[in-house]
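# Structure assessment
Spelled out, the chains give:
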Amino acid sequence: MNRHYTLYAWHLSYFAGKLRAYFIYKKVPFKEIPVSYYMLTGPVQRNTGARVMPTITTPEGRWMQDTRHIIDALEPVFPEPSIFPATPRRRIAAELIEAWGDEWWIPIAMHTRWTYGENYALFERDAGDALAPWAPQFLKNYLVARVARLLRSYTPRVGIIPSQYAMMEEWSRHMLDLLDAHFAAVPYLLGNHPTIADFGLQSTMYGHLGRDPWPKREWIDPRPHLRDWIDRMASLDHDAVRTRYGEPTPDAPDDVIPPTLEPVLRIICREFLPMVQGILDETRRAMAVHSDKREPLSRLLGPVSFPMGEHTFTRHAIPFTLWKIQGLLDAFRAMPEKDRNTARSWLRGLGGEGFLDLDIPRLERVAMQVRLKG
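Note that this is a predicted model, so its numbers are computed, not measured. (Residues numbered from 1 in each chain as written. Predicted model: local features only at pLDDT ≥ 70, side-chain atom pairs only at ≥ 80, totals over all residues. Heavy atoms only, no water.)

## Quick notes on the overall build of the protein chain
Note the following rule: Per the convention used, a helix needs a DSSP run of H or I reaching at least four residues, while a strand needs a run of E reaching at least two, with both numbered from the N terminus. Each radius of gyration is computed over the set of C-alpha atoms, and the globule rule expresses the reference value as 2.2 Å times the number of residues to the power 0.38. Working definition: with a 1.4 Å probe on protein chains only, accessible area under 20% of the residue-type maximum means buried, over 50% means exposed, and in between means partly exposed. The contact criterion used is simple: two residues touch if any of their non-hydrogen atoms lie within 4.5 Å. Each accessible area is a Shrake-Rupley estimate made with a 1.4 Å probe; only the visible protein chains count as cover when residues are assessed. In summary, the charge assignment counts Lys and Arg as positive and Asp and Glu as negative, without counting His or the chain termini. Throughout, a charge is located at the NZ atom of Lys, the CZ atom of Arg, the CG atom of Asp or the CD atom of Glu.
Assigned secondary structure in the protein chain consists of 15 helices and 8 strands. Since a compact globule built from 374 residues should have a radius of gyration of about 21 Å, the 20 Å found for the protein chain is in line with a globular shape. Principal-axis analysis of the C-alpha atoms gives the protein chain an extent of 60 × 55 × 45 Å. Here the protein chain holds 374 residues, and the buried ones make up 56% of them. For the protein chain, the proportion of contacts with a sequence separation of at least 24, taken over those separated by at least 6, is 74%. Surface accessibility of the protein chain: about 15600 Å² in total, with carbon and sulfur atoms responsible for 54%. On the protein chain, the mean spot of the 47 positive side-chain charges and the mean spot of the 44 negative ones are 5 Å from each other.

Pasting the structure below:
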């Protein structure tokens, strides 16, 4: 029997960087195969229900999608070192940052890739070689252009419109400064070893901001501590991390959050919580008129507005985000009462207690959509 996992992905992919970093860190035996047009429209679609990457197959032949679903399935198989903190503040911080990294940054990543034309040459080369490695260049370019048109068609729906470009870039520069200052003091988000938080943030930082020519040059390379963190996440396994930074920072008894992370967490609470609440409101409206409760909701719903820095950002709601926050709430509710009180008090101090009070209907994932769990 094949003893390796197979990762079907591109280096260009938003979520592939997250899962590849996890595989490397946990020393999961894997081989990576760039997703071809045949694979994406054939076996991937047929076995998962969605033409998306990353997709994996397990040594037993099981097909899996969604990075968090995959990580949750693999943690019991590769339990050491755990990427989930054992104490309440750190666990909730890790879950919150992972969801924020996965969901909030999507417009930023898509904006930098598709607004700045100099990125297209890398996309054309990498995507063409992956989609049709056997094809002549003109056919590769044709296939890539079709994919690019499809991806660009999504950009207005996630808020990438000219009137919001300056807002996104102002916000990004400020946030990247905060992250660079944090990584100057601490090698990973919560200490000297990565947690699920780091893997979530790697989603956008590796494949888009850290690799596409424009954001790499303008945003990432001038921030050397952030650049080094991206590269650590993409290359170091847990033995290498331990050799470089020592044994994992103990969770107990202090449950310490690095102080340099507090400005980031406060912004997450101020901005991401209203975004999630807006998505919840849109999802409830959609459910009220959804005739077949067992059918998945649309991937994109109506527009929501929420703070971004000193401005207001508008994009369409993605109910899949609620499935991610549902996981955070599950982790919170599974804690002993004393730990729940600790986590709630800590979040209250950051302005984020409302995350714990979100009344999200129980959802289940169906490929890259969600439906009510019946």
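## Brief notes about the nonpolar core
One broad rule of soluble globular proteins: the nonpolar side chains tend to lie buried together. Filter applied, for reference: Residues belong to a common nonpolar core when they are buried Ala, Val, Leu, Ile, Met, Phe, Trp, Tyr or Cys residues joined through side-chain atoms within 4.5 Å.
Of all hydrophobic cores here, the largest spans 121 residues; its most connected members are Trp100, Trp105, Leu179, Met205 and Phe272. The element best represented in this core is helix 13 (residues 262-288), accounting for 13 residues. Not counting chain neighbours up to four residues away, the residues in contact with Phe272 comprise Leu96, Ala99, Trp100, Glu103, Trp104, Ile267, Thr321, Ile325 and Phe355.

## Here we look at the packing of aromatic side chains
Applicable threshold: Each aromatic pair joins two rings of Phe, Tyr and Trp (for Trp, the six-membered one) with centres within 6.5 Å, and gets the label stacked for planes under 30 degrees apart, edge-to-face for over 60, and tilted for any other angle. Consider the ring centre and the ring normal. A charge sits over the ring if Lys NZ or Arg CZ is within 6 Å of that centre and within 35 degrees of that normal.
The full count for this structure, using the stated rule, is 21 aromatic pairs. An angle of 15° between the planes, with centres 4.9 Å apart, marks the rings of Phe183 and Trp229 as stacked. Residue Phe183 is located in helix 8 (residues 162-185), and its partner Trp229 is located in helix 11 (residues 224-233); the two are separated by 46 residues in the primary sequence. Considering the side-chain rings of Tyr188 and Tyr245, the 5.9 Å spacing of their centres and the 85° angle between planes classify their relative orientation as edge-to-face. Residue Tyr188 is located in the loop between helix 8 and helix 9 (196-209), and its partner Tyr245 is located in helix 12 (residues 238-245); the two are separated by 57 residues in the primary sequence. Here the aromatic residues Tyr5, Tyr22, Phe23, Tyr25, Phe30, Phe78 and Phe199 are joined through ring pairs into a cluster of three or more. Stacked on the ring of Phe320, the Lys or Arg Arg299 has its end atom at 5.3 Å from the ring centre.

## Focus on helix 1 (residues 16-26)
Taken across its 11 residues, helix 1 has 10 buried, putting it largely inside the fold. Within helix 1, burial applies to Ala16, Gly17, Lys18, Leu19, Arg20, Ala21, Tyr22, Phe23, Tyr25 and Lys26. Looking one or two residues beyond helix 1, the residue adopting positive phi is Lys27, at roughly 60°.

## Side note on the sheet that holds strand 1 (residues 5-9)
Strand pairing within a sheet occurs via backbone hydrogen bonds; the two strands may be parallel or antiparallel. This is how it is decided: Pairing between two strands is assigned when DSSP locates at least 2 bridges connecting them. Here an angle of 0 to 180 degrees is reported between the N-to-C directions of two axes, which are lines fitted to C-alpha atoms, with helices fitted over the stretch in contact.
Read across the open sheet, the 4 strands follow the order 2-1-3-4; overall the sheet is mixed. A single partner strand is all that each edge strand has here, and the edge strands are strand 2 (30-34) and strand 4 (63-65). Neighbour to neighbour, the strand axes of the sheet diverge by 25° on average, direction disregarded. Bridge count between strand 3 (residues 55-57) and strand 4: 3 bridges; the pairing is antiparallel. Note that in strand 4 the partner of Ile56 across the bridge is Met64.

## A closer look at the pairing of strand 6 (residues 311-316)
Two strands pair when backbone bridges link them, and strand 5 (residues 303-308) and strand 6 are joined in this way by 6 bridges, in the antiparallel orientation. Within the sheet, the bridge partner assigned to Pro303 lies in strand 6 and is His316. Here strand 5 folds back onto strand 6, and the loop between the two strands holds 2 residues, one of which, Gly309, carries a positive phi near 65°.

## Brief notes about the packing of helix 13 against helix 15 (residues 337-350)
Basically, it comes down to this: Working definition: roughly parallel below 35 degrees, roughly antiparallel above 145 degrees, roughly perpendicular at 65 to 115 degrees, and oblique for all remaining angles. Only Asp, Glu, Lys and Arg are considered charged in this grouping, and only Ala, Val, Leu, Ile, Met, Phe, Trp, Tyr, Cys and Pro are considered nonpolar; every other residue, Gly among them, is considered polar.
It is at 9 Å that the axes of helix 13 and helix 15 come closest, and there the two elements cross at 85°. Considering the angle they form, helix 13 stands roughly perpendicular to helix 15. For the pair formed by helix 13 and helix 15, the contact residues are Glu262, Leu265, Arg266 and Cys269 on the first element and Trp346, Leu347, Gly349 and Leu350 on the second. For the contact of helix 13 with helix 15, the per-class residue count stands at 5 nonpolar, 1 polar and 2 charged.

## Some details on the pattern of salt bridges
Spelled out, the test is: Each reported salt bridge corresponds to a side-chain nitrogen of Lys or Arg within 4 Å of a carboxyl oxygen of Asp or Glu.
The final tally for this structure, using the stated rule, is 34 salt bridges. Residue Glu95 pairs with Arg91 through a salt bridge whose shortest N-O separation is 2.9 Å. Here Glu95 pairs with Arg91, and both are found in helix 4 (residues 88-103), just 4 residues apart, close to one helical turn. A relative accessible area of 2% places Glu95 in the buried class. Overall, the relative accessible area of 22% leaves Arg91 in the partly exposed class. When the shortest N-O distance is used, the salt bridge between Arg371 and Glu364 registers 2.7 Å.

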